[in-house]
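Residue-level structural notes
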Protein chains: 2
Amino acid sequence: MARVYNFSAGPAVLPLEALQEAQNDLVDYKGSGMSVMEMSHRGKEYDALHNEAIANLHELLGLGDDYQVLFLQGGASLQFAQIPMNFLGAGQTADYVNSGHWAAAAIKQAQLIGNVNIVADTQKDIPTRMPALADIRWTPGAVYSHITTNETISGAQFKTLPEAPTPMIADMSSDILSCPRDYSKFAMFYAGAQKNLGPAGVALVVIRKDFAAKGNISIPTMLRYQTHIDKNSLYNTPPCFSIYMITLTTRWLKKVGIENLYRLNVEKAKKIYDVLDASGFYRGTADKAYRSDMNITFRTPTEELDALFVKQAAEAGMKQLKGHRSVGGIRASIYNAFPAAGVDTLVEFMKDFEKRNG
Amino acid sequence: MARVYNFSAGPAVLPLEALQEAQNDLVDYKGSGMSVMEMSHRGKEYDALHNEAIANLHELLGLGDDYQVLFLQGGASLQFAQIPMNFLGAGQTADYVNSGHWAAAAIKQAQLIGNVNIVADTQKDIPTRMPALADIRWTPGAVYSHITTNETISGAQFKTLPEAPTPMIADMSSDILSCPRDYSKFAMFYAGAQKNLGPAGVALVVIRKDFAAKGNISIPTMLRYQTHIDKNSLYNTPPCFSIYMITLTTRWLKKVGIENLYRLNVEKAKKIYDVLDASGFYRGTADKAYRSDMNITFRTPTEELDALFVKQAAEAGMKQLKGHRSVGGIRASIYNAFPAAGVDTLVEFMKDFEKRNG
């Protein structure tokens, strides 16, 4: 088995030990005679895996029973609609910070439902960045305020999170559990699993129960958060295998520890940013004050060299370094499970590529 | 490895060769150095798997390019809402056949959206059954007519499908691709994958493109069928690994062939029904004219004996035979991938159990 260094922005690299355990048990889970994929979601084997994932997340997030951990389908993209459908009623206003592609996608869906106030807008800024906290003009009485903690495409990340006077909701798809964070400041936060938590096909939604209780009761049952709270994410058949992978990944996260992971994540990112800063060849695309530890975006002097970089890196075992199709360039996504050795290999490659093409 | 006979109603048994191939490639897919779970959904490896699943389904269903094969999230339960959100406008009527638990669940969601006409109702009939075709009173001008081809819980199945004068939509979650069927009679049909197609976490939706084009354009983007048609189910990150499992399962379905599968399915079901009919001990719960080939529901003389049956069968390697929690009793779900040898084992156990307890 030859594993490559996988810089994909998501679906992304998973902990090797989680994959190996899943492989070992794939046809016969722990002597049950069945794959996890074949088990009733109401049986005792799956039930234990489901509830362990929930318990692990409560522990990792540092949250108590006033919050519900939910596993929903449709990814962050369905959350963009589900949030305003639940909470943005007629005559009400929701605040949104427009910090980039994903924030704008959330805003577009909210605008289909109700009244949106864009309280800061850095979507088109170059270099890419988040708004300064002092520049955000929250609306008094907004039903909720929505932020995106890390913009996966632009490579900008809030280093200090905004605090609105109204219930805060955050899309944390690309940096959840990558750093210590006071999650109790949020009424709700969510993340597609496929970056820091597991495979695609499940979204983690964590919601304060008293906030969920305020949700609109006249929308379809599957779109109400309360439905899934009442049934512990078992109202309908959940994406069992994806949740099982979260169980395995959260075991690994607990073993490593969030403080350790954060230190490693900062170290990994700094090594690449140091190359950018020491170079007249590479150019980082994010404002230094908002550089993401998860998605590092940069360019060479030309689009042709960008393409050559991605091609030669892939040949050297570093895959999926191409920037998002909407912006081009190069993007190194280095989530929790991305190994430090892969960053070292990239850094050496970057220096060598500069020598050869600079 | 000791595999049990897994009679789960879903998630359910998968073809062993599909599981073994997935196991073999789990950590390093075909020398790519990555798991399928770690691949960008826009990369060439995943793209090939995604499009193969679609092509296999077109071939197995016998449908051309006037239909779109979609892989969506949220299971059949979200389809219950998504269908009326797309197609049931103000002042319009949709016809629904209420044939049991799942049909009723679809009706409940449609009633939240618009005007529903229940054109036949056998939900509470004992023995469980589908309505006679002649008893269904379709509404002229209905925007669509919805049926459930097989009721997983009651064990009743349409042996001849109704034909409405208006666009037909069918929930085929528990019998899709289990028998030859003229799928071109439907404007749309759908199925949670976790019975005959793959693992939980993906719903197959097949829709005629000209019908989808009539969908409501003011609903959230993720809930519009047109969105997913335009992007070939890649508008957002799809449930990649679950779709990959459909690729493997549809390869197996093509190899066996639908005509063969149907013959085997009928043979498997008949063996169990023959035991019921020859017995004064067991009682089938479905009307003989509507007996499902997929979910065989029956009872012993008492609830205590039902429980003993389920317990002793599990001890003998036949698992998940307990009836749905809403009705109790015993249920043997024997989908496409359920092996004939498992039915033979069950039949012998049933005869023996009757001798010991009759």
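I will try to describe carefully the structure that is included in this document. Note that residues are indexed from 1 along each chain, following the sequence as it is written. For naming, the first written chain is A and the first written ligand is 1, with later ones following in the order written. Two thresholds apply to this predicted model, a pLDDT of at least 70 for residue-level local features and 80 or more for giving and counting side-chain atom pairs, whereas whole-chain, interface and lining totals are computed over all residues. By convention in this description, side-chain values take in all heavy atoms of the structure and omit both hydrogens and water.

Remarks on the pairing of strand E12 (residues 295-299) of chain B
Residue and element names in this part refer to chain B. Classification of residues uses two cut-offs on accessible area relative to the type maximum, computed with a 1.4 Å probe and protein chains only: under 20% is buried, over 50% is exposed, and between them is partly exposed. Working definition: helices are DSSP H or I runs of at least four residues, strands are E runs of at least two. Numbering for both runs from the N terminus. In terms of residue burial, E12 counts as a mostly covered element, since 4 of its 5 residues are buried. With 2 bridges joining them, strand E11 (residues 283-284) and E12 adopt antiparallel strand pairing. Counted as the bridge partner of Gly 284 is Phe 298 from E12. In terms of strand pairing, E12 meets strand E14 (residues 330-333) through 4 bridges, oriented antiparallel. For two strands to be treated as a pair, DSSP must find at least two bridges joining them.

Some words on the interface of chain B and chain A
In this complex, chain B contributes 61 residues to the contact, which on the side of chain A involves 62 residues. Accessible area that two parts lose when put together, with a 1.4 Å probe and added across both, is what the buried area reports. Across the chain B/chain A interface, buried area totals approximately 4800 Å², and carbon plus sulfur atoms make up 59% of it. For the chain B face of the interface with chain A, the top three residues by lost area are Val 27, Met 37 and Glu 38 of chain B, together amounting to 15%. What makes a salt bridge here is a side-chain nitrogen of Lys or Arg within 4 Å of a carboxyl oxygen of Asp or Glu, nothing more. The partner of Lys 319 of chain A in a salt bridge is Glu 45 of chain B, with the nearest N and O atoms 3.9 Å apart. Here a polar contact is recorded for every N or O atom pair within 3.5 Å, except that within protein the pair must consist of a potential hydrogen donor and a potential acceptor, and residues adjacent in sequence are included only if both atoms are side-chain atoms. Connecting chain B to chain A are 25 residue pairs in polar contact (both at pLDDT 80 or more). Only helix H1 (16-24), helix H3 (75-87), helix H4 (101-113) and helix H7 (240-256) of chain B provide two or more residues apiece to the side of chain B that touches chain A. For the side of chain B that touches chain A, the element with the most residues is H1 of chain B, which contributes 6 residues. Two residues form a contact once any of their heavy atoms are found within 4.5 Å.

Overview of the environment of Gly 328 of chain B
Residues and elements named next belong to chain B. Within the secondary structure, Gly 328 sits in the loop between strand E13 (318-319) and E14. Residue Gly 328 is classed as partly exposed on the basis of its relative accessible area, which comes to 30%. With 29 residues separating them along the chain, Gly 328 and Arg 299 place their C-alpha atoms 8.7 Å apart.

Section: the packing of helix H2 (residues 44-61) of chain B against H7 of chain B
Pairs of packed helices are described in terms of their axes, by the angle between the two and the distance that separates them. All names here are of chain B. Simply put, an axis is a line fit to the C-alpha atoms, just over the touching stretch for a helix, and the angle between two N-to-C directions goes from 0 to 180 degrees. Between H2 and H7, the shortest axis-to-axis distance is 9 Å and the interhelical angle comes to 45 degrees. For the element pair H2 / H7, the angle class is oblique. Judged by the twist between their axes, the crossing of H2 over H7 is left-handed. Counting all contacts with H2, which are made through Tyr 46, Leu 49, His 50, Glu 52, Ala 53, Asn 56, Leu 57, Glu 59 and Leu 60, the residues of H7 involved are Cys 240, Ile 243, Tyr 244, Ile 246, Thr 247, Thr 250, Arg 251, Leu 253 and Lys 254. Only Asp, Glu, Lys and Arg are considered charged in this grouping, and only Ala, Val, Leu, Ile, Met, Phe, Trp, Tyr, Cys and Pro are considered nonpolar; every other residue, Gly among them, is considered polar. When the residues that make up the contact of H2 with H7 are grouped by side-chain class, the tally is 10 nonpolar, 4 polar and 4 charged. Oblique is the label for every angle not falling under 35 degrees (roughly parallel), over 145 degrees (roughly antiparallel), or within 65 to 115 degrees (roughly perpendicular). Throughout, a crossing is termed right-handed when the near helix is turned clockwise from the far one, and left-handed when it is turned anticlockwise from it by less than a right angle.

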